[in-house]
Amino acid sequence: QVRLVESGGGLVQAGGSLRLSCAASGRTFSRYNMGWFRQAPGKEREVVAAINWSALSTYYADSVRGRFTVSRDNAKNTVYLQMNNLKPDDTAVYYCAADSRQSYSGSYSLEYNLWGQGTQVTVSS
């Protein structure tokens with residue numbers, strides 16, 4: 001079973017940047033699609049970005065496209081979310097997720113079965 005641990009969240013001013021990391025345990029990380037989600041208070045969880053196992057297929061929500069970049073380092077069992085030009089609307093708990101139901105998929109996933117505990121991102125205006 002893959003265990004996911006996020007880090008890198010914090011408080012930043014609007015226009016600033018943060019890089020979130022998600023470290024995965026287990027030898028099977030490199031096979032799986034990975035995703036980043038967020039949930040703001042009073043709102044439903046939404047997908048932010050997704051990446052397939054080879055990093056050749058990625059997805060971004062319209063609200064973050066051009067500002068956020070998802071990447072992965074399979075040798076380090078880590079997936080990243082680089083967030084630039086942050087806005088107050090980006091304030092949320094950010095979750096890393098893995099789709100262990102399929103391996104070596106040619107396309108990203110939008111549904112996941114394994115989740116991290118989340119990391120808080122707060123953007124002040």
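Structure: see above.
Residues numbered from 1 in each chain as written. Predicted model: local features only at pLDDT ≥ 70, side-chain atom pairs only at ≥ 80, totals over all residues. Heavy atoms only, no water.

(A) Structural view of the overall build of the chain. Each helix and strand in the chain was counted, giving zero helices and eleven strands. Helices and strands in the chain line up, N terminus first, as β-β-β-β-β-β-β-β-β-β-β. Its C-alpha atoms give the chain a radius of gyration of 13 Å, near enough to 14 Å, the size a compact globule of 125 residues would have. Dimensions of the chain, computed from C-alpha atoms along their principal axes, come out at roughly 40 × 25 × 25 Å. The buried share of the chain, reckoned over its 125 residues, is 46%. Within the chain, contacts between residues separated by at least 24 positions form 59% of all contacts whose residues are at least 6 apart in sequence. (Helix = DSSP H or I, 4+ residues; strand = E, 2+ residues; numbered from the N terminus. Rg over C-alpha atoms; globule rule 2.2 N^0.38 Å. Buried < 20%, exposed > 50% of the residue type's maximum accessible area, 1.4 Å probe, protein only. Contact = heavy atoms within 4.5 Å.)

(B) Fine view of the state of the cysteines. Considering all chains together, one arrives at one disulfide under this definition. At a sulfur-sulfur separation of 2.0 Å, the disulfide partner of C22 is C96. On the S-S bond that ties C22 to C96, the torsion sits near -75°, and the link is left-handed. Of this pair, C22 sits in strand β3 (residues 18–24) while C96 sits in strand β9 (residues 92–99); the two residues are 74 residues apart in sequence, bridging distant segments of the chain. Each member of the pair, C22 together with C96, is buried. (Disulfide = S-S within 2.5 Å.)

(C) Here's a closer look at the nonpolar core. Within the largest apolar cluster, 31 residues are counted, with the highest numbers of intra-cluster contacts made by L4, M34, W36, V79, L81, M83 and Y94. Going through the elements one at a time, β3, β4 (33–39), β5 (46–51), β7 (68–73), β8 (78–83), β9 and β11 (119–124) are the ones with two or more residues in this core. If we skip the residues at most four places from it in the chain, Y94 touches E6, L20, F37, R38, V48, F68, L81, M83, G118, T119 and V121. (Core = buried A, V, L, I, M, F, W, Y, C linked by side-chain atoms within 4.5 Å.)

(D) Broad picture of the sheet that holds strand β1 (residues 4–7). Spatially, four strands are ordered β1-β3-β8-β7 in an open sheet, and the strand pairing comes out antiparallel. Strands with a single pairing partner mark the edges of an open sheet, and in this sheet they are β1 and β7. In this sheet, neighbouring strand axes are inclined to one another by 15° on average, regardless of whether the strands run parallel or antiparallel. Bridge analysis of β7 against β8 gives six bridges, and the strand direction is antiparallel. Of the residues in β8, the one forming a bridge with D73 is T78. (Pairing = 2+ DSSP bridges. Axes fitted to C-alpha atoms, helices over the stretch in contact; angles between N-to-C directions.)

(E) Molecular detail of the pairing of β7. Only one face of β7 is covered, namely the one carrying F68, V70 and R72; the face carrying T69, S71 and D73 has none of its residues buried. Hairpin connection of β7 to β8: four residues between the antiparallel strands, including N77 at a positive phi of 55°.

(F) Representation of the pattern of salt bridges in the model. This model, assessed by the stated rule, comprises five salt bridges. Two residues, R38 and D90, come together in a salt bridge whose shortest N-O distance is 2.9 Å. Of this pair, R38 sits in strand β4 while D90 is found in the loop between β8 and β9, placing the two residues 52 residues apart along the sequence. Here the two residues R38 and D90 agree in accessibility, since each one is buried. Where D62 meets R65, a salt bridge forms, and the shortest distance between an N and an O atom there is 2.7 Å. With a relative accessible area of 64%, D62 lands in the exposed category. A single salt-bridge network, built from bridges that share partners, covers R38, E46, R67 and D90. (Salt bridge = Lys/Arg side-chain N within 4 Å of Asp/Glu carboxyl O.)

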